[in-house]
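Chain by chain, the residues:
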Amino acid sequence: MTKKWAISGVDLHLDLKGTRVRAALESALREAVSGGRLRPGTRLPSSRALAADLGIARNTVADAYGQLVAEGWLTAVRGSGTRVARRPAPADSTPAPEAVILAQTRYDLCPGAPDLSAFPRSAWLAAARRALSVASCDTLGYSDPRGLPELRRALADYLGRARGVRAGPEHIVICCGFTQGFWLLCRVLRASGATTLAVEQFIQQGTCQAAKENGLTLTTLRVDERGARVSELGAADAVLLTPAHQFPLGVPLAARRRAQVVEWALDTGGLIIEDDYDGEFRYDRHPLGSLQGLSPEQIVYAGTASKALAPGLRLGWLVLPGRLIDEVCAAKTLADRNTGAIDQLTLAEFIVSGAYDRHIRRSRLIYRRRRDRLVTALKRDTLGVRISGIAAGLHALVELPPGHDEQHIIARAADHGLALLGLGTYAKDPHNHPPALVVGYAKPPEHAYTSAVARLSAVLAEAARSS
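Enquirer: Please give an account of unusual backbone geometry that cites residues and values.
Expert: Most peptide bonds adopt trans geometry, and most residues besides glycine take a negative phi value. In this structure, the amide linkage connecting phenylalanine 247 to the following residue, proline 248, adopts the cis form with an omega of 10°. Mapping proline 248 onto the fold places it in the loop between strand 11 (238-241) and helix 9 (255-268). Positive phi values are uncommon outside glycine, yet arginine 314 reaches one of about 55°. Mapped onto the elements, arginine 314 comes out in the loop between strand 13 (299-304) and strand 14 (316-319).

And the structure:
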């Protein structure tokens, strides 16, 4: 027989098998504890309450509890009730691989994330309170798949002012980060008959996989000191670019090439997807405006709050040409219909109140100082590395001298408790690229940053001595 009851307000399902009720209850409780469904320290209901829930005699429950206490599965303390016992791990148990990795990499200089300890919690909570206090009940229901109008209006104003994007709120679709937005675009492109997407030579491999899973064939654009070689587009139906700060090489797309790719789109009807990857963080000169501002009907602008605030918010946006709005909205309706309303309202208020601008300016100053500390430290080592891509963004490209193997250095760094990634992680051809490290200087909390950089310097100095 199958019974359900509530323990401390939590539903728990057990199968009481057989006609011997006490034995069945003991077996079901042992299974729940050993399988982890009842965690150590969980308080069980009184014998009276459990007997009433199960429709069995109280003495049967009390006897079952007593037997499991004797076996060490449960503990019973007067005044504290019956609880699941804390059991020691087997003597021969070994740590899970994840635990080993975490133990080896105490410090993390991998790119792709901001300092999460610097998330503006107080300002975000204040914005959430203000937004919810005036939000209508309908706002929390099913809404326009493009996203809440409050956030789309706020983004249209902000993106036009800060990034040179030309679009009204009706052209913006809110999505769960860049990954979902790009997946929706690939789906729409393939449904419209597109077959080929051009991507940069170095790119996030998950992005390539999203395109392939939607049936698109990828072609590669080489990248040099002036950005992607857009003259190699050929017969591609669409192209994905990071023009403000190519990831991971860190070079901006040159003005002539920006004009050239727009000419390609106008001549062929091809679509440009602009990933504004950490475009707000430029340090040594005025930030480059968006490519989208040159030709809004040929370019999709994609942005997120992942680098400016936190990737866990899962807030991103697409600014779409008019001809794609309905198709992308239809695809989003099938995917998940709506992005979370409360976070949308909060971000809208965060932007309108000026808190977002203040946070960006404060973060830009902090990350610039971190970049300078990294460059100064690495110039002191004797390996002779070349540092590039540092005019903007949250990472630096540390180019290794010929003959040094990036994977070997990454392994040495792990031995020093430091997590690193190499350029090969992002190469379309992992066997054909110069050896380099992609060092993210934003991710460590401030108290750990100095130690992380010191360990990186030590690893590079050690590699220099052994070469």
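Next comes the rest of the account.
Enquirer: Now, about the packing of helix 2 (residues 47-54) against helix 3 (residues 58-71): what can you tell me, with residues and values included?
Expert: Look at helix 2 against helix 3: their axes get within 8 Å of each other, and the N-to-C directions meet at 120°. Taken together, the axis directions place helix 2 and helix 3 in an arrangement best described as oblique. Considering how the two elements wind past one another, helix 2 and helix 3 form a crossing that is right-handed. Judged by residue contacts, Ser47, Arg48, Leu50 and Ala51 of helix 2 engage Arg58, Val61, Ala62 and Tyr65 from helix 3. When its residues are assigned to classes, the contact of helix 2 with helix 3 shows five nonpolar, one polar and two charged.

Enquirer: How would you sum up the sheet that holds strand 19 (residues 436-440)? Please name residues and give values.
Expert: Note on sheets: strands pair through backbone hydrogen bonds, and any given pair is parallel or antiparallel. The sheet built from four strands is open, its strands ordered 15-16-19-18 with antiparallel pairing. Among the strands making up the open sheet, the edge pair consists of strand 15 (386-388) and strand 18 (421-422). In terms of strand pairing, strand 15 meets strand 16 (residues 395-399) through three bridges, oriented antiparallel. Each bridged residue has a counterpart across the sheet, and for arginine 386 the counterpart in strand 16 is glutamate 399. Against the sheet, helix 13 (residues 406-415) makes contact with strand 18 and strand 19, and its axis sits at roughly 40° relative to strand 19, the strand it touches most.

Enquirer: Give a detailed account of the environment of alanine 156, specifying residues and quantitative values.
Expert: Looking at the secondary structure, you find alanine 156 in helix 6 (residues 149-163). Classification of alanine 156 as buried rests on a relative accessible area of 13%. Spatially, the C-alpha atom of alanine 156 lies 14 Å from that of valine 300, the residues being 144 residues apart in sequence. Excluding residues within four positions of it along the chain, alanine 156 makes contact with Ala167, Gly168, Pro169 and Ile172.

Enquirer: Please give an account of helix 2 that cites residues and values.
Expert: For helix 2, the full list of buried residues reads Ser47, Leu50, Ala51 and Leu54. Down the axis of helix 2, the buried side of the element spans an arc of 100°, and every buried residue falls inside it. Exposed residues on helix 2 whose side chains face more than 90 degrees from its buried face are Arg48 and Ala52. Note on helix 2: the residue one or two positions beyond its end, glycine 55, has a positive phi of about 70°.

Enquirer: Kindly report on the sheet that holds strand 7 (residues 196-200), identifying the contributing residues and their values.
Expert: Strand order in the open sheet formed by seven strands is 6-14-13-12-11-7-8, and the pairing between neighbours is mixed. Pairing within the sheet leaves two strands with one partner each, and these edge strands are strand 6 (172-175) and strand 8 (217-221). Averaged over neighbouring strand pairs, the angle between their axes works out to 20° when direction is ignored. Running over the sheet, helix 7 (residues 177-191) touches strand 6, strand 7, strand 11, strand 12 (271-275), strand 13 and strand 14 and is turned about 175° from strand 12.

Enquirer: Run through helix 7, naming residues and quoting values.
Expert: Counted at 1.5 Å a residue, the expected span for helix 7 with its 15 residues is 21 Å, and the 22 Å between its end C-alpha atoms agrees. For helix 7, the complete set of buried residues consists of Gly177, Phe178, Gln180, Gly181, Phe182, Leu184, Leu185, Cys186, Val188 and Leu189.

Enquirer: Can you explain the pairing of strand 11? Please cite residues and give values.
Expert: Burial along strand 11 is two-sided: the face carrying Ala238 and Leu240 and the face carrying Val239 and Leu241 are both buried. Alignment of strand 11 against strand 12, held across four bridges, turns out to be parallel. What sits directly across from leucine 241, in strand 12, is glutamate 274. Handedness of the β-α-β unit built from strand 11, helix 9 and strand 12 comes out right-handed.

Enquirer: Report on the packing of helix 6 against helix 11 (residues 341-352), specifying residues and quantitative values.
Expert: A pair of packed helices is characterised by two quantities: the angle between their axes and the separation of those axes. At a minimum axis separation of 8 Å, helix 6 and helix 11 run at an interaxial angle of 35°. Like other packed secondary-structure pairs, helix 6 and helix 11 cross with a definite hand, here left-handed. Note on element contacts: helix 11 touches helix 6 through Gln344, Leu345, Leu347, Ala348, Ile351 and Val352, opposite Glu150, Leu151, Ala154, Leu155 and Tyr158. Here the residues of the contact of helix 6 with helix 11 are counted per class, giving nine nonpolar, one polar and one charged.

The rules behind the values
- Residues numbered from 1 in each chain as written.
- Predicted model: local features only at pLDDT ≥ 70, side-chain atom pairs only at ≥ 80, totals over all residues.
- Heavy atoms only, no water.
- Helix = DSSP H or I, 4+ residues; strand = E, 2+ residues; numbered from the N terminus.
- Axes fitted to C-alpha atoms, helices over the stretch in contact; angles between N-to-C directions.
- Parallel < 35°, antiparallel > 145°, perpendicular 65-115°, else oblique.
- Left-handed = near helix turned anticlockwise from the far one by under 90°.
- Contact = heavy atoms within 4.5 Å.
- Nonpolar A, V, L, I, M, F, W, Y, C, P; charged D, E, K, R; others polar.
- Pairing = 2+ DSSP bridges.
- Buried < 20%, exposed > 50% of the residue type's maximum accessible area, 1.4 Å probe, protein only.
- Arc of directions from axis to C-beta.
- Expected span 1.5 Å × (residues − 1).
- Right-handed = clockwise from strand over helix to strand, strands pointing away.

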